[in-house]
Amino acid sequence: MSELSYRDALNQALNEEMSRDANVFLMGEEVARYNGAYKVSQGLLDKFGSARVVDAPISELGFAGLGVGAAMVGLRPVIEMMTWNFAILAMDQIVNNAAKLRHMSGGQLRCPIVFRGPGGAGGRLSSQHSQALEAHYVHCPGLKVVAPATPADAKGLLKSAIRDDNPIVFIEGELLYGVKGDVPDGEHLVPIGKADIKRPGDQVTIITWSRMLLWYVNEAAQKLADQGISAEVLDLRTLRPLDEEAILTSVRKTNRVVIVEEGWPLASVGATLTDLIQREAFDDLDAPVQRVTGLDINMSYAANLEAATQPSVERIIAAVNQVLYR
């Protein structure tokens, strides 16, 4: 076991998979000579050369399409988006091509490609660069959507994503890159589609993913524990496919649920989770499901307004108290 930053865990995953399989290559803006905008690709150009670590022009639609074509003929591209905000420009390739190729070819074509990069707020980057957009991709059949919170999960899930024969949307919390944690040495794979209980409890389930876990939920769960409240923290890790069994098992154990997500409330991942829970575990609920989301407004640049726009420890504790009727 080694202590690695989230950034270094991703770098290790890329290094190992590119060493294991010559068909894996990395492409994106500034991934080669600059070692990546967030230094995730540090050292990969020197080791693998410019044919496998490729600097792309500022044209997300263009290099995403090149990656889809490469995947169709047997390569395994990892396409880095400098931020998922910029990937909006590549939605046509991700949603209309990558996600639909297997279906529209009657299974004759496959598209083993990973689209990865930072998502969510980045710290005073204003409205156009601070969006949690996972709900856009979760909505689309044919895509798998992964959003790890810890360095160990980031490494294990990225390795699994690169080996998967389906297109993967891999969202890295932009403010997680410097976070450190224990990462197993050697081969480490985390299965796509499996949630993880990060903290066991029996009075309320808090469901979350990505940055919300480390920035807010863990602290809220500890403060609740100090008040004698036992909160189970369920990290989804994968948003499509959902680990419905893990979600419902936890709900049936605690009978109360709070969902915490960075994104906006309307038509969100949390809304889908709430629908699942009320359909499949309605009789097990002792209180309505509560959701803590980003506010339904565009992100401000000012630090105080940015903080007010996002979930907080205080809002999570208030939601837990509400489902406990305290």
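Rules behind the numbers
Residues numbered from 1 in each chain as written. Predicted model: local features only at pLDDT ≥ 70, side-chain atom pairs only at ≥ 80, totals over all residues. Heavy atoms only, no water. Salt bridge = Lys/Arg side-chain N within 4 Å of Asp/Glu carboxyl O. Helix = DSSP H or I, 4+ residues; strand = E, 2+ residues; numbered from the N terminus. Buried < 20%, exposed > 50% of the residue type's maximum accessible area, 1.4 Å probe, protein only. Axes fitted to C-alpha atoms, helices over the stretch in contact; angles between N-to-C directions. Parallel < 35°, antiparallel > 145°, perpendicular 65-115°, else oblique. Left-handed = near helix turned anticlockwise from the far one by under 90°. Contact = heavy atoms within 4.5 Å. Polar contact = N/O pair within 3.5 Å; in protein donor to acceptor, adjacent residues only side chain to side chain. Nonpolar A, V, L, I, M, F, W, Y, C, P; charged D, E, K, R; others polar. Domains from an automatic or database assignment. Buried area = accessible area lost by both parts, 1.4 Å probe. Pairing = 2+ DSSP bridges.

Summed over the entire model, instances satisfying the criterion amount to 24 salt bridges. When the shortest N-O distance is used, the salt bridge between glutamate 16 and lysine 159 registers 2.8 Å. Pair noted here: glutamate 16 is in helix α1 (residues 6–20) and lysine 159 is in helix α7 (residues 151–163), with a separation of 143 residues, a long-range link. Taking the relative accessible area as the measure of exposure, lysine 159 reaches 1% and is therefore buried. Between arginine 237 and aspartate 153 there is a salt bridge, with its nearest N and O atoms 3.1 Å apart. Linking arginine 237 in the loop between β11 (231–235) and β12 (238–240) with aspartate 153 in helix α7, this pair joins segments that are 84 residues apart in sequence. Take arginine 237 and aspartate 153: they sit in the same class, and that class is buried. Each of Glu16, Glu17, Arg20, Lys155, Lys159, Arg163 and Glu187 takes part in a single network of salt bridges with overlapping partners.

With their axes 9 Å apart at the nearest point, helix α8 (residues 211–226) and helix α12 (residues 313–323) run at an angle of 50° to one another. Here α12 runs oblique to α8, going by the angle between their axes. The element α8 and its partner α12 pack so that their crossing is right-handed. Contact with α8, carried on its side by Tyr216, Val217, Glu219, Ala220, Lys223 and Leu224, involves Val313, Ile316, Ile317 and Val320 of α12 and no other residues of that element.

Here glutamine 310 is to be found in the loop between α11 (303–309) and α12. Looking at glutamine 310, its side chain comes within polar contact range of the side chain of arginine 211, at 2.3 Å. A polar atom in the side chain of glutamine 310 sits 3.3 Å from the backbone oxygen of glutamate 306. In this view, glutamine 310 contacts Ala121, Arg211, Tyr216, Glu262, Met299 and Arg315; residues no more than four positions away in its chain are not counted.

What describes two packed helices is the angle between their axes and the distance between those same axes. Where α1 contacts α7, the axes come no closer than 8 Å and their chain directions differ by 30°. With respect to α7, the axis of α1 lies roughly parallel. In terms of crossing hand, the pair formed by α1 and α7 is right-handed. Residues Tyr6, Ala9, Leu10, Gln12, Ala13, Leu14, Glu16, Glu17 and Arg20 of α1 form the contact with α7, whose participating residues are Pro151, Ala154, Lys155, Leu158, Lys159, Ile162 and Arg163. For the contact of α1 with α7, the residue count by class is 9 nonpolar, 1 polar and 6 charged.

Quick look at the domain arrangement of the chain now. For the chain, the assigned domains read domain 1 (2–183) and domain 2 (196–323). On a C-alpha basis, the centres of domain 1 and domain 2 stand 26 Å from each other. Buried area between domain 1 and domain 2, summed over both chains or domains, comes out near 2,400 Å², and the portion from carbon and sulfur atoms is 60%. Sorting the residues of domain 1 by area buried against domain 2 places Arg124, Val138 and Ala147 first, and these three jointly supply 23% of that buried surface. Counting every contact that joins domain 1 to domain 2 gives 2 salt bridges. For the pair domain 1 and domain 2, the interface holds 11 residue pairs in polar contact (both at pLDDT 80 or more). Put simply, the parts of the chain that give the side of domain 1 that touches domain 2 at least two residues each are α6 (134–138), β6 (144–146) and α7.

Attention now goes to the sheet that holds strand β9 (residues 196–199). Consider a sheet: its strands pair through backbone hydrogen bonds, and that pairing is either parallel or antiparallel. Strand order across the open sheet formed by 5 strands is β9-β11-β10-β13-β14, with mixed pairing between neighbours. The sheet terminates laterally at β9 and β14 (290–292), the two strands that pair on one side only. Adjacent strand axes in the sheet meet at a mean angle of 25°, parallel and antiparallel pairs treated alike. One ladder, built from 5 bridges, connects strand β10 (residues 204–208) with β11; its direction is parallel. Its bridge partner being in β11, isoleucine 207 is matched across the sheet by leucine 234. Contacting β9, β10, β11 and β13 (257–260), α8 runs over the sheet at an angle of about 165° to β11. Each of β10, β13 and β14 is contacted by helix α10 (residues 269–280), which is oriented at about 160° to β13, the strand it contacts most.

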